[in-house]
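Coordinate inspection notes
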Amino acid sequence: MRPTEADNMPEKGDQSYLRSRNTARILETLRQNKAFSRIDLAEQTNLDKKTVLNIVNDLFAQGMIRIMSRQIDGAGRPKEILGINGDYGRYAGIDLGGTHLSGVIVNFAGERIASNDVEVHNGLEPDTLMKLCIYLMRNLLKEAGLKEYDLSGIGISFPGFVASSQGYVTSENFPRWQNIPIQEMFQKRYNLPVCVDDCSRLMALAELWFGKGRNCRDFIVADLGFGIGCGIVIDRKIFRGSAGKSGEVGHTVVDVNGPPCTCGSHGCIESFAAGWALSRDAQSIMQKHSNTLLCETSGNSPEGVNFRQVVLAANLGDLYCADLLKKAGEYIGIGLSNAISFFNPSRLIIGGRLIQDNEIMIRAITETIQIKCMKQILDDVEITVSELGGSASAWGAGVSCILNAENLFITAMQKLKEKVK
Ligand SMILES: [Zn+2]
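Remember, it's a predicted structure, so these values are computed and weren't measured experimentally.

Secondary structure assignment for the protein chain yields 14 helices and 14 strands. Here the protein chain has a C-alpha radius of gyration of 23 Å; the compact-globule value for 421 residues is 22 Å, and the two agree. For the C-alpha atoms alone, the extent of the protein chain along its principal axes is close to 80 × 50 × 40 Å. A total of 421 residues make up the protein chain; the buried ones form 54% of that total. A sequence separation of at least 24 residues applies to 60% of the contacts in the protein chain between residues at least 6 apart. Split by element, the accessible area of the protein chain, about 19,200 Å² in all, is 49% carbon and sulfur.

The next thing to look at is the coordination of the zinc ion. Coordination of the zinc ion by the protein involves His 251 (ND1), Cys 261 (SG), Cys 263 (SG) and Cys 268 (SG), with metal-donor separations of 2.1 to 2.4 Å. Viewed at the metal, the four donor atoms of the zinc ion are separated by angles of 103 to 126 degrees, and the geometry they form is tetrahedral. All donors of the zinc ion belong to a single chain; written as a sequence motif, their spacing is H-x9-C-x1-C-x4-C. One end of the pair, His 251, is in the loop between strand S12 (237-238) and helix H7 (269-273); the other, Cys 263, is in the loop between S12 and H7, with twelve residues separating them in the sequence. On the accessibility criterion, His 251 (18% relative accessible area) is buried. On the accessibility criterion, Cys 263 (40% relative accessible area) is partly exposed.

Quick look at the sheet that holds strand S14 (residues 382-385) now. With mixed pairing, the five strands of this open sheet are ordered in space as S12-S11-S10-S13-S14. The open sheet is flanked by S12 and S14, the only strands paired with a single partner. Bridge analysis of strand S10 (residues 219-224) against strand S11 (residues 228-234) gives six bridges, and the strand direction is antiparallel. Along S11, the bridge assignment pairs Val 221 with Gly 231. Relative to the sheet, helix H11 (residues 319-343) contacts S10, S11 and strand S13 (347-351), its axis offset from that of S10 by approximately 160 degrees. Each of S10, S13 and S14 is contacted by helix H12 (residues 359-372), which is oriented at about 170 degrees to S14, the strand it contacts most.

Right, let's talk about the pattern of salt bridges for a bit. Across all of its chains, the model carries 19 salt bridges by this definition. We note a salt bridge from Asp 281 to Arg 280, for which the minimum N-O separation is 3.0 Å. For Asp 281, a relative accessible area of 22% corresponds to the partly exposed category. Arg 280 gets classed as partly exposed once you look at its relative accessible area, which sits at 29%.

In this section: empty space enclosed by the protein. For the coordinates displayed, the defined rule picks out four cavities of 30 Å³ or more. In this model, the largest cavity occupies a volume close to 390 Å³. Lining the largest cavity are 35 residues, and of these Pro 159, Cys 199, Asp 223, Phe 226 and Gly 227 lie nearest its centre. For the lining of the largest cavity, the secondary-structure elements that each account for two or more residues are helix H6 (199-210), S10, S11 and helix H14 (392-420). Of the residues in the lining of the largest cavity, the class split is ten nonpolar, 18 polar and seven charged.

This part is about H6. The end-to-end C-alpha distance of H6 is 16 Å, a good match for the 16 Å that twelve residues give at a rise of 1.5 Å each. Burial analysis of H6 places eleven of its twelve residues in the buried class, which makes it a mostly covered element. Along H6, the positions that sit buried rather than exposed are Cys 199, Ser 200, Arg 201, Leu 202, Met 203, Ala 204, Leu 205, Ala 206, Glu 207, Leu 208 and Trp 209. The opening residue of H6 is Asp 198, an N-cap whose side-chain oxygen sits 3.0 Å from the backbone nitrogen of Ser 200.

Let us look at the sheet that holds strand S9 (residues 194-198). Strand order in the open sheet made by the five strands is S5-S4-S3-S6-S9, with mixed pairing throughout. For this open sheet the edge positions go to strand S5 (112-119) and S9, each flanked by a neighbour on one side alone. Each strand axis lies, on average, 15 degrees off the axis of its neighbour in the sheet, ignoring direction. Here seven bridges tie strand S3 (residues 90-96) to strand S4 (residues 100-107), and the two strands are oriented antiparallel to one another. Bridge pairing links Ala 92 to Ile 105 in S4. Running over the sheet, H6 touches S3, strand S6 (153-158) and S9 and is turned about 100 degrees from S9.

The biggest cluster of nonpolar side chains holds 84 residues, and the ones touching the most others in it are Leu 96 and Phe 186. Take this core: its biggest share by element is nine residues, from H11. When we break this core down by domain, the ones giving at least three residues each are domain 2 (88-204 + 392-404) and domain 3 (216-387). With residues near it in sequence (within four places) discarded, Leu 96 still touches Leu 101, Leu 129, Cys 133, Ile 156, Ser 157, Phe 158, Pro 159, Trp 177 and Ile 182. Leu 59, Val 233, Ile 238 and Ala 405 belong to the second-largest nonpolar core, a separate cluster that totals 47 residues.

The domains assigned to the protein chain are domain 1 (1-84), domain 2 (88-204 + 392-404) and domain 3 (216-387). Here the C-alpha centroids of domain 1 and domain 3 sit 40 Å apart.

Basis of the calculations
- Residues numbered from 1 in each chain as written.
- Predicted model: local features only at pLDDT ≥ 70, side-chain atom pairs only at ≥ 80, totals over all residues.
- Heavy atoms only, no water.
- Helix = DSSP H or I, 4+ residues; strand = E, 2+ residues; numbered from the N terminus.
- Rg over C-alpha atoms; globule rule 2.2 N^0.38 Å.
- Buried < 20%, exposed > 50% of the residue type's maximum accessible area, 1.4 Å probe, protein only.
- Contact = heavy atoms within 4.5 Å.
- Areas by Shrake-Rupley, 256 points an atom, 1.4 Å probe, with all protein chains shown as cover.
- Donors = N, O, S within 2.8 Å, 3.2 Å for Na, K, Ca; no water.
- Tetrahedral: all angles 85-135°; square planar, octahedral: opposite > 155°, others 65-115°.
- Pairing = 2+ DSSP bridges.
- Axes fitted to C-alpha atoms, helices over the stretch in contact; angles between N-to-C directions.
- Salt bridge = Lys/Arg side-chain N within 4 Å of Asp/Glu carboxyl O.
- 1 Å grid on protein atoms, 1.4 Å probe; cavity = no way out; pocket = protein on both sides within 12 Å on 5 of 7 lines; lining within 4 Å.
- Points joined across faces, edges and corners; volume = space filled by probe spheres on them.
- Nonpolar A, V, L, I, M, F, W, Y, C, P; charged D, E, K, R; others polar.
- Expected span 1.5 Å × (residues − 1).
- Polar contact = N/O pair within 3.5 Å; in protein donor to acceptor, adjacent residues only side chain to side chain.
- Core = buried A, V, L, I, M, F, W, Y, C linked by side-chain atoms within 4.5 Å.
- Domains from an automatic or database assignment.

What follows is the structure, encoded as structure tokens:
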């Protein structure tokens, strides 16, 4: 089974759909297991040998798979061990964050071959943002030893709403990021296919392929950073919602009289615990207490303080910051226990930049979930922390390009076979 983000896949129930699903299943099995013979592939995917042979032949012809080795097993012909051909394509994934730009280059096997980060200030002007992305891309290509023409696609991870048909993006957290034609901007500059999606969903996609979601059917990924979102995976597919706006757990209200939120409401989880809310509270700490460690770690500049400096100060022993992170973790824990009750996942994966080196917050989140979540539901949930690091959404953006390439191939094959009929 595999995640299919198949925008242009055929309808369920017909032969085209079956073939698409089987092709995707074979690619996924090879990607997860690295190498398989044709017979092992048939066994592993529960498909008949003829179907596997036909699909494998098509994948060979396209160059998507290759022979990794030959096994001599007694007399007879050596067994060919197949694997994904990483060289089939290379894709850039770029995560546009509130306080960072993070980029990776992955090959068709999904392996990261370059990774780079740039720190930024909150919500840059779109033109400046594009300039920085071009700079980041240059660094990535240099690290990977590639040229622009070696790339086959670009994936963009965005912290907000994506009108996927036109590739326009809007973020409630950054006033300057409204209706930006991000897809067109990248297509114009690089002349490549560009996929754009929400950062939390792409983080979930990375977990599904390479992280703690690999062996799990139904799970939730908490994306904790400048904003707070959630990626939902049901039956190994990303759940998008009716209009592609699923997972806004950060805008669920935990206190009707709470602080104003960027969405226009009051007392959302984000308004207490998102990176932007921690910056606001950190400013207030610095104004009240001028001799704190936070003042030192942030260079006595309340206007520029961000959540990474709060985490650093807390780790150095600043009790105000430690208390801030603990309380924020408790609010996040309430939101995530609600999400667990809604979806009954078998795993909750806690990820995002806010929890990097942030044991205080992770402990507060997990302890709150243990207290708030109904025991009968909690018993079935494993709570775990992501191991993919700060570039998980960028990695997911790269993966979305691989899926796009697979879907284009599957659709093209189908059209060809219909013509031959
Ligand atoms: Zn809100």
